[in-house]
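Chain by chain, the residues run as shown.
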Amino acid sequence: MTLVDLVEVCTLSEVPDGEGIKITIEGLPALAVYRVGEEVFVSDDLCTHGDASLSEGELDIEDYVIECPFHQGGFDIRTGSVAGAPCTRPIRVYEAWIKNGLVYIKKQDL
Ligand code: FES
């Protein structure tokens, strides 16, 4: 994997440990970037159940689950799979890398 294959999303230090932040990059859907210690996960920010921003939800760092702020549905931030009703459709997740304090996702994943 070279840097040419990657898109810079944000700096690691922008993402508070145990939380998610919303990142907007021109031409892409809004992204949610979550941090659990030194691990980073990236998903679409929009909940699949409604018009909610997942980065504004509560992150359960034990189970890697983001709880939607609207109806408390949940998703596994590692896989995007549904982790709690009323959500029924998974969210899209992107493989993330950290290099030199910057968070990247793969261009092919976009
Ligand atoms: S909008 Fe996310 S659970 Fe309803």
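Presented here is an overview of the structure given in this document. (Residues numbered from 1 in each chain as written. Predicted model: local features only at pLDDT ≥ 70, side-chain atom pairs only at ≥ 80, totals over all residues. Heavy atoms only, no water.)

1. Quick look at unusual backbone geometry
In this structure, Pro86 follows Ala85 across a cis peptide bond, with omega equal to 10°. Non-glycine residue Tyr64 carries a positive phi angle of around 55°. Within the element layout of this structure, Tyr64 appears in the loop between β5 (58-60) and β6 (65-67). Residue Asn100 is not a glycine yet carries a positive backbone phi of 50°. Along the chain, Asn100 turns up in the loop between β10 (96-99) and β11 (102-106). Here Asn100 falls in the exposed class, since its relative accessible area comes to 83%. (Helix = DSSP H or I, 4+ residues; strand = E, 2+ residues; numbered from the N terminus. Buried < 20%, exposed > 50% of the residue type's maximum accessible area, 1.4 Å probe, protein only.)

2. What to know about the pattern of salt bridges
Tallied over the full model, the rule gives three salt bridges. The partner of Lys106 in a salt bridge is Glu95, with the nearest N and O atoms 4.0 Å apart. With Lys106 in strand β11 and Glu95 in the loop between β9 (93-94) and β10, this residue pair connects regions lying eleven residues apart in the sequence. Of the residues examined, Lys106 reaches a relative accessible area of 19% and is grouped as buried. (Salt bridge = Lys/Arg side-chain N within 4 Å of Asp/Glu carboxyl O.)

3. Side note on the nonpolar core
In terms of nonpolar packing, the biggest core is built from 15 residues, with Tyr34, Cys47, Leu54, Ile66, Phe75 and Ile77 touching the most fellow members. If one sorts the elements of this core by residue count, strand β3 (residues 31-36) sits on top with three residues. Not counting residues up to four positions away in its chain, the partners in contact with Cys47 are Ala52, Leu54, Cys68, Phe75 and Cys87. Counting 14 residues, the second largest nonpolar core, distinct from the first, contains Val7, Cys10, Val42 and Tyr94. (Core = buried A, V, L, I, M, F, W, Y, C linked by side-chain atoms within 4.5 Å. Contact = heavy atoms within 4.5 Å.)

4. Digging into the pairing of β11
Among the five residues in β11, four count as buried, and that is most of the element. With four bridges connecting them, β10 and β11 associate as antiparallel partners. When the bridges of β11 are listed, Trp97 appears paired with Tyr104. Between β10 and β11, which pair antiparallel in sequence order, lie two residues; one of them, Asn100, sits at a positive phi of approximately 50°. (Pairing = 2+ DSSP bridges.)

5. Examining a negative patch on the surface
Residues Asp17, Glu19, Glu58, Asp60, Glu62, Asp63 and Glu67 make up a contiguous surface patch of negative charge. If you trace the backbone, Asp63 turns up in the loop between β5 and β6. Exposure remark for Asp63: the relative accessible area of 45% places this residue in the partly exposed category. (Patch = residues over 30% accessible without salt bridge, like charges linked within 9 Å, V, L, I, M, F, W, Y side chains within 5 Å. Areas by Shrake-Rupley, 256 points an atom, 1.4 Å probe, with all protein chains shown as cover. Lys, Arg positive; Asp, Glu negative; His and termini not counted. Charge placed at Lys NZ, Arg CZ, Asp CG, Glu CD.)

6. A word on the sheet that holds strand β7 (residues 74-76)
Taken together, four strands build an open sheet; the order of strands is β5-β6-β7-β8 and the sheet is antiparallel. For this open sheet the edge positions go to β5 and β8 (82-84), each flanked by a neighbour on one side alone. Averaged over neighbouring strand pairs, the angle between their axes works out to 30° when direction is ignored. (Axes fitted to C-alpha atoms, helices over the stretch in contact; angles between N-to-C directions.)

7. Regarding the environment of Asp76
Examined against the element boundaries, Asp76 turns out to sit in strand β7. Residue Asp76 is classed as buried on the basis of its relative accessible area of 12%. Spatially, the C-alpha atom of Asp76 lies 9.9 Å from that of Ser43, the residues being 33 residues apart in sequence. Those residues within four positions of Asp76 in sequence are excluded, and the remaining contacts are Asp63, Tyr64, Ser81 and Ala83.

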